[in-house]
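Results of the structural survey
If you want the building blocks of each chain, they are given just below.
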Amino acid sequence: MEMHVPLPSLAACGGAAAAAVVALLLLRLYFVLPGLGGGGAGVAAARRQQRRRRGKAVARGTGDTLLCVVLGSGGHTAEMARLLRGVDFERHRRRLYVVGSDDALSVGQVGELERGRPGDYRIAVVPRSRAVGQPWRSTPASAARCLARVVALMYRHRPDAVLCNGPANCVVVCLVALLPRILAIKRIPIVYVESFARVATLSLSGRIVYLLADRFVVQWPALAAQYPRAEYIPHLV
Amino acid sequence: MSVYVTVGSTGFDALVQAVCAPEFMRALGGRGFWRLVVQCGASLARFEPPPAVREEFGVTATALAYVDRPQWHIEQADLVICHAGAGSILDALRAGKPTIAVPNRALADDHQRELARELARGGYLAVAEPEDLAQAVSAGAYAGLQPYPRADPRPIGDILDEETAL
């Protein structure tokens with residue numbers, strides 16, 4: 001007797017398999033994305049925040065981590081330089097600064113903020129995902145170039161954490177930093193600090209990264225009131 | 001006594017024009033300021049002080065497009081008048097200088113105004129529009145402001161330590 005497998009059923013099998021993969025991926029995303037389920041990341045963060053407020057000791061790593069810092073023009077780099085004064089470079093001994101390709105100013109500022117500090121650092125230049133005022137029509141192509149460069153960069157250096165404060169490139173870096181977590185390879189925590197300039201509304205980057213960041217810090221109370229996962233910490237800069 | 005005016009990294013025509021107006025020079029002279037330094041950025045062409053500014057108002061006025069070390073200029077000043085960008089405002093407040101912030105209406109979504117207004121509510125700086133800047137100076141709006149609380153960025157270090165310890 002001849003085996004007869006009708007084509008539609010093969011296609012149906014394929015379709016079902018694809019649907020299952022997509023469903024699993026979505027489930028995985030739900031569990032790893034801090035802004036959604038994230039394994040109770042929000043609750044844990046709130047608990048840690050409370051501990052710190054009460055002046056209790058915080059858990060510390062062993063040190064010698066590679067910290068990825070995203071810089072960007074328009075005041076972001078200057079503010080990041082202020083934030084980095086609060087970071088123990090003996091603990092985060094290696095720094096990887098991600099700088100936009102048209103941002104020579106930030107390169108100079110890295111030299112200044114790193115002067116006399118322990119450990120070592122390198123600067124990686126990536127194409128801008130979107131320049132200020134760039135037409136949205138040409139944004140996908142420039143974002144793709146930026147994405148390819150950032151993927152290569154993260155694969156080569158494998159940072160232990162990402163710190164960013166709002167330039168457009170940080171959205172790309174955060175998305176790429178989540179890939180190893182989605183694939184259950186490595187958890188790269190993302191810490192986002194919304195700019196001091198944002199008093200009442202989040203920046204566009206902030207609204208996106210709110211879904212991706214493990215810790216989301218705002219510097220004005222009105223933002224914390226609107227975004228429950230945000231930690232309000234005044235006078236950081 | 002000297003005044004440092006800064007428009008930041010872009011330009012701010014209305015502010016540069018406002019600090020070149022005779023009534024602004026008169027307000028400076030009246031308050032004992034004799035030196036005016038204006039960082040104009042892209043608005044350098046708008047810097048047109050009155051012809052006999054030194055003789056008439058006792059003020060020497062100097063313009064610069066950009067400066068290498070904005071902090072140095074702020075340190076030298078007794079009053080800072082700046083656009084309401086976060087960078088300039090922080091530089092001025094952190095230096096402990098009396099500050100008048102002028103929001104740049106021309107910028108997208110006018111979010112400079114929110115920051116300036118919030119800081120003015122706390123009494124840390126004065127806010128003025130280009131049109132009433134001379135009036136703000138002659139009325140001494142910059143006097144009696146609160147010192148801005150010291151910066152403490154250590155919580156960011158703590159958060160990074162906590163997250164990398166997981």
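Look up: the structure comes first, before these words.
Report on the accompanying structure. (Residues numbered from 1 in each chain as written. Chains lettered and ligands numbered in written order. Predicted model: local features only at pLDDT ≥ 70, side-chain atom pairs only at ≥ 80, totals over all residues. Heavy atoms only, no water.)

**Looking at the overall build of chain A**
Broken down by element type, chain A carries eight helices and seven strands. The proportion of buried residues among the 237 residues of chain A is 46%. Contacts in chain A between residues at least 24 apart in sequence constitute 65% of all its contacts with a sequence separation of at least 6. Element-wise, carbon and sulfur atoms account for 64% of the exposed surface of chain A, whose accessible area totals about 11900 Å². (Helix = DSSP H or I, 4+ residues; strand = E, 2+ residues; numbered from the N terminus. Buried < 20%, exposed > 50% of the residue type's maximum accessible area, 1.4 Å probe, protein only. Contact = heavy atoms within 4.5 Å. Areas by Shrake-Rupley, 256 points an atom, 1.4 Å probe, with all protein chains shown as cover.)

**Some thoughts on the interface of chain B and chain A**
Chain B puts 30 residues into the contact, and the matching count from chain A is 38 residues. Surface buried jointly by chain B and chain A totals about 3100 Å² across both partners, of which 64% is contributed by carbon and sulfur atoms. Applying the counting criterion to the chain B and chain A interface returns five salt bridges. A salt bridge links E163 of chain B to R187 of chain A, with the shortest nitrogen-to-oxygen separation between them at 2.8 Å. At the surface where chain B touches chain A, the tally comes to 10 residue pairs in polar contact (both at pLDDT 80 or more). (Buried area = accessible area lost by both parts, 1.4 Å probe. Salt bridge = Lys/Arg side-chain N within 4 Å of Asp/Glu carboxyl O. Polar contact = N/O pair within 3.5 Å; in protein donor to acceptor, adjacent residues only side chain to side chain.)

**A few points about the sheet that holds strand β3 (residues 120-126) of chain A**
Residues and elements named next belong to chain A. One open sheet accounts for seven strands, arranged β3-β2-β1-β4-β5-β6-β7; its pairing is parallel. Two strands bound the open sheet, and with one partner strand each, they are β3 and β7 (230-232). The sheet shows a mean angle of 20 degrees between the axes of neighbouring strands, direction not considered. Relative to strand β5 (residues 190-193), strand β4 (residues 161-164) runs parallel, the two sharing three bridges. Within the sheet, the bridge partner assigned to C164 lies in β5 and is Y192. The strands touched by helix α4 (residues 104-114) are β2 (94-100) and β3; relative to β2, the strand with the most contacts, the crossing angle is about 160 degrees. (Pairing = 2+ DSSP bridges. Axes fitted to C-alpha atoms, helices over the stretch in contact; angles between N-to-C directions.)

**Some remarks on helix α5 (residues 139-157) of chain A**
All names here are of chain A. Taking 1.5 Å per residue as the helical rise, α5 with its 19 residues ought to reach 27 Å, and the 26 Å between its terminal C-alpha atoms agrees with that figure. Of all the residues in α5, the buried ones are T139, S142, C146, V150, L153, M154 and H157. The buried residues of α5 occupy an angular sector of 95 degrees when projected down its axis, which confines them to one face. Of the exposed residues in α5, those oriented more than 90 degrees away from the buried face are P140, R145, A148, Y155 and R156. Looking at the buried side of α5, the elements it contacts are β1 (66-70), β2, β3, β4 and α6 (169-182). R158 occupies a position one or two residues after α5 and carries a positive phi of about 45 degrees. (Expected span 1.5 Å × (residues − 1). Arc of directions from axis to C-beta.)

**Considering unusual backbone geometry**
Residues and elements named next belong to chain A. At R158, a position not held by glycine, the phi torsion is positive, near 45 degrees. In this fold, R158 is placed in the loop between α5 and β4. Its identity is not glycine, yet A184 carries a phi of approximately 60 degrees, on the positive side. Secondary-structure assignment places A184 in the loop between α6 and β5.

**A word on the pattern of salt bridges**
If you walk through the whole model with that rule in mind, you get 20 salt bridges over all chains. Linking D91 of chain B and R82 of chain A is a salt bridge whose minimum nitrogen-to-oxygen distance equals 2.8 Å. Pair noted here: D91 of chain B is in helix α5 (residues 86-94) and R82 of chain A is in helix α3 (residues 76-84), and the two residues belong to different chains. With a relative accessible area of 15%, D91 of chain B lands in the buried category. For R93 of chain A, the salt bridge identified is with E90 of chain A, shortest N-O distance 2.7 Å. A relative accessible area of 32% places R93 of chain A in the partly exposed class. Residue classification places E90 of chain A among the partly exposed positions, given a relative accessible area of 48%. Each of R181, R187, D214, R215 and E231 of chain A together with E162 and E163 of chain B takes part in salt bridges that share partners, so that together they form one network.

**A short note on a nonpolar patch on the surface**
Residues and elements named next belong to chain A. On the surface, L24, L27, Y30, F31 and L36 cluster together into a nonpolar patch covering about 540 Å² of accessible area. Topologically, F31 is positioned in helix α1 (residues 7-32). Residue classification places F31 among the partly exposed residues on the basis of a relative accessible area of 49%. (Patch = residues over 30% accessible without salt bridge, like charges linked within 9 Å, V, L, I, M, F, W, Y side chains within 5 Å.)

**What to know about the pairing of β4 of chain A**
Residue and element names in this part refer to chain A. Alternating residues of β4 divide into A161 and L163 and V162 and C164, and every residue in both groups is buried. Inspection of the sheet shows β1 paired to β4 by three bridges, in the parallel sense. Each residue of the ladder has a partner; that of L67, found in β4, is A161. Taking the sense of rotation as the criterion, the β-α-β connection linking β4, α6 and β5 turns out right-handed. (Right-handed = clockwise from strand over helix to strand, strands pointing away.)

**Some words on the packing of aromatic side chains**
How two aromatic rings sit relative to each other is given by the distance of their centres and the angle of their planes. Residues and elements named next belong to chain A. One pass over the structure, following the stated rule, counts eight aromatic pairs over all chains. Ring geometry for Y97 against Y121: centres 6.0 Å apart, planes inclined by 80 degrees, an arrangement best described as edge-to-face. Remark: Y121 occurs in strand β3 and Y97 occurs in strand β2; sequence separation between them is 24 residues. Taking the centre distance of 4.9 Å and the plane angle of 10 degrees together, the rings of Y192 and F216 count as stacked. Remark: F216 occurs in strand β6 (residues 215-218) and Y192 occurs in strand β5; sequence separation between them is 24 residues. Of the two residues, Y192 and F216, both sit in the buried class. Counting every residue linked through ring pairs, the aromatic cluster contains Y192, Y210, F216 and Y227. A cation sits over an aromatic face here: R117 above F89, 3.7 Å from the ring centre. The ring of Y210 has R229 lying over it, and the distance from NZ or CZ to the ring centre is 5.5 Å. (Phe/Tyr/Trp six-rings, centres within 6.5 Å; stacked < 30°, edge-to-face > 60°. Lys NZ or Arg CZ within 6 Å of the ring centre and 35° of its normal.)

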